[in-house]
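Fold and contact review
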Amino acid sequence: MKNPLVSVIIVNFNGAKFLDSCLSSLKEQTYPNFEVIVVDNGSTDSSLKILEEGYRGFVTVIKNEINFGFSKGNNIGISQANGEFVAILNNDTQADARWLEELISAAQTDKNTGMCATKVLFFCERDTIDSAGVNIFWDGMSRGRGRLKKDIGQYDGDREVLLPSGCAALYRKSMLQETGLFDEDFVAYCEDTDLGLRGRLAGYKCAFAPLAVVYHHYSGTAGRYSSFKAFMVERNHFWVALKIFPAPLLLLLPFFTVYRLAMQVLSLFGYLSKKGNNKEERFPIL
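To start, this report covers the structure provided alongside it. (Residues numbered from 1 in each chain as written. Predicted model: local features only at pLDDT ≥ 70, side-chain atom pairs only at ≥ 80, totals over all residues. Heavy atoms only, no water.)

1. Re the packing of helix α6 (residues 191-201) against helix α7 (residues 227-244)
- Between α6 and α7, the shortest axis-to-axis distance is 10 Å and the interhelical angle comes to 20°. For the element pair α6 / α7, the angle class is roughly parallel. Viewed along their axes, α6 and α7 form a crossing whose handedness is right-handed. Along its contact with α6, which presents T193, D194, L197, R198 and L201, the element α7 presents V240, K243 and I244.
- Tallied by class, the residues present in the contact of α6 with α7 amount to 4 nonpolar, 1 polar and 3 charged. (Axes fitted to C-alpha atoms, helices over the stretch in contact; angles between N-to-C directions. Helix = DSSP H or I, 4+ residues; strand = E, 2+ residues; numbered from the N terminus. Parallel < 35°, antiparallel > 145°, perpendicular 65-115°, else oblique. Left-handed = near helix turned anticlockwise from the far one by under 90°. Contact = heavy atoms within 4.5 Å. Nonpolar A, V, L, I, M, F, W, Y, C, P; charged D, E, K, R; others polar.)

This is the structure:
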């Protein structure tokens, strides 16, 4: 099928300040065949009012009574999705007009492609990379490929990456039916790593679409330095390792964790020794 239906899933929790930018960008998509499902996780701000008054008929809104988190929120949306492909999109993003068109083009080049990664750039520094796919450290910690580097097209020739970032990713519905959806025990953070690795182990490839660009307010919803985020990232990356890594790597897990933390401390000292950097966008640990 040339233009298969794509279901775009957006999980929202008190994201009123981001919704117009995100949804308006979807209205400008060049791809002709998609639906938008917004899963609202019990927002108490004006999110539902914005959706009702500005996007009635354009989005299907699922209203949850409480905040179920990113993993379960997306799974609820996926359960209602009609598309052959499912696109996961953070509410604190703005998609380039060709985002969906480029993702579908990349995904259809190989029938074994089960996932497709977006080039994610920072919203306020649009020449700086948030992620161009995701890589994994030896202790299970994931990190955006190319993060904080200037985008000079250095990744534009790549057509395959390890995993997509859950900030903006495309999944083939048939792959999700085989591997299962996001692990809801993760709640938020690293659930995309877990799902991507399960897809890889099932034999699926992850394409990279360098012209499928999304601009991201990094940690716009949870906050860059929140204790919630710090706890979930540290807990969940161990869960990824325990679920998926082979036994020899698990035995080396403490060593790799200490090494990673030591490198982060050295990066912190290097950061503090430099003057004139933008601390908010370029902090090396978060």
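2. Examining the pattern of salt bridges
- Applying the stated criterion across every chain yields a total of 13 salt bridges.
- Between R200 and E160 there is a salt bridge, with the nearest N and O atoms lying 3.0 Å from each other. Note that R200 is positioned in helix α6 and E160 in the loop between β9 (142-144) and β10 (168-172), a separation of 40 residues in sequence.
- A relative accessible area of 25% places R200 in the partly exposed class.
- One salt-bridge network, held together by shared partners, links D183, D194, R198 and K243. (Salt bridge = Lys/Arg side-chain N within 4 Å of Asp/Glu carboxyl O. Buried < 20%, exposed > 50% of the residue type's maximum accessible area, 1.4 Å probe, protein only.)

3. Re the layout of surface pockets
- Considered as a void within the structure, the second largest pocket measures approximately 230 Å³ in volume.
- What lines the second largest pocket is a set of 15 residues, and nearest its centre among them are A106, T109, R159, A207 and F208.
- Contributing elements (two or more residues each) for the lining of the second largest pocket: α4 (99-107) and β11 (205-216).
- Residue composition of the lining of the second largest pocket, by class: 7 nonpolar, 3 polar and 5 charged. (1 Å grid on protein atoms, 1.4 Å probe; cavity = no way out; pocket = protein on both sides within 12 Å on 5 of 7 lines; lining within 4 Å. Points joined across faces, edges and corners; volume = space filled by probe spheres on them.)

4. Here's the deal with the environment of D127
- Its place among the elements puts D127 in the loop between β6 (113-122) and β7 (129-132).
- Note: C-alpha distance between D127 and W138 (11 residues apart in sequence) is 29 Å.
- Those residues in contact with D127 that lie beyond four places of it in its chain are K149, K150 and D151.
- Within the structure, the side chain of D127 is placed 3.2 Å from the side chain of T128, a separation counted as a polar contact. (Polar contact = N/O pair within 3.5 Å; in protein donor to acceptor, adjacent residues only side chain to side chain.)

5. Looking at a nonpolar patch on the surface
- Together, F255, Y259, M263 and L266 make up a nonpolar patch on the protein surface, roughly 420 Å² of accessible area in all.
- Topologically, L266 is positioned in helix α9 (residues 253-272).
- Judged by its relative accessible area of 54%, L266 is exposed. (Patch = residues over 30% accessible without salt bridge, like charges linked within 9 Å, V, L, I, M, F, W, Y side chains within 5 Å. Areas by Shrake-Rupley, 256 points an atom, 1.4 Å probe, with all protein chains shown as cover.)

6. Some thoughts on the nonpolar core
- The biggest cluster of nonpolar side chains holds 34 residues, and the ones touching the most others in it are V6, V8, I10, L23, L89, W99 and L170.
- The greatest single-element share of this core, amounting to 6 residues, is contributed by α4.
- Of all hydrophobic cores here, the second largest spans 31 residues; its members include I9, V11, F182 and Y215. (Core = buried A, V, L, I, M, F, W, Y, C linked by side-chain atoms within 4.5 Å.)

7. Re the pairing of β10
- With respect to burial, β10 is a largely interior element, 5 of its 5 residues being buried.
- Neither face of β10 is open: one carries A168, L170 and R172, the other A169 and Y171, and all of them are buried.
- Pairing of strand β4 (residues 85-89) with β10 involves 5 bridges; the strand directions are antiparallel. Across the sheet, the residue bridging to L89 is A168, located in β10. (Pairing = 2+ DSSP bridges.)

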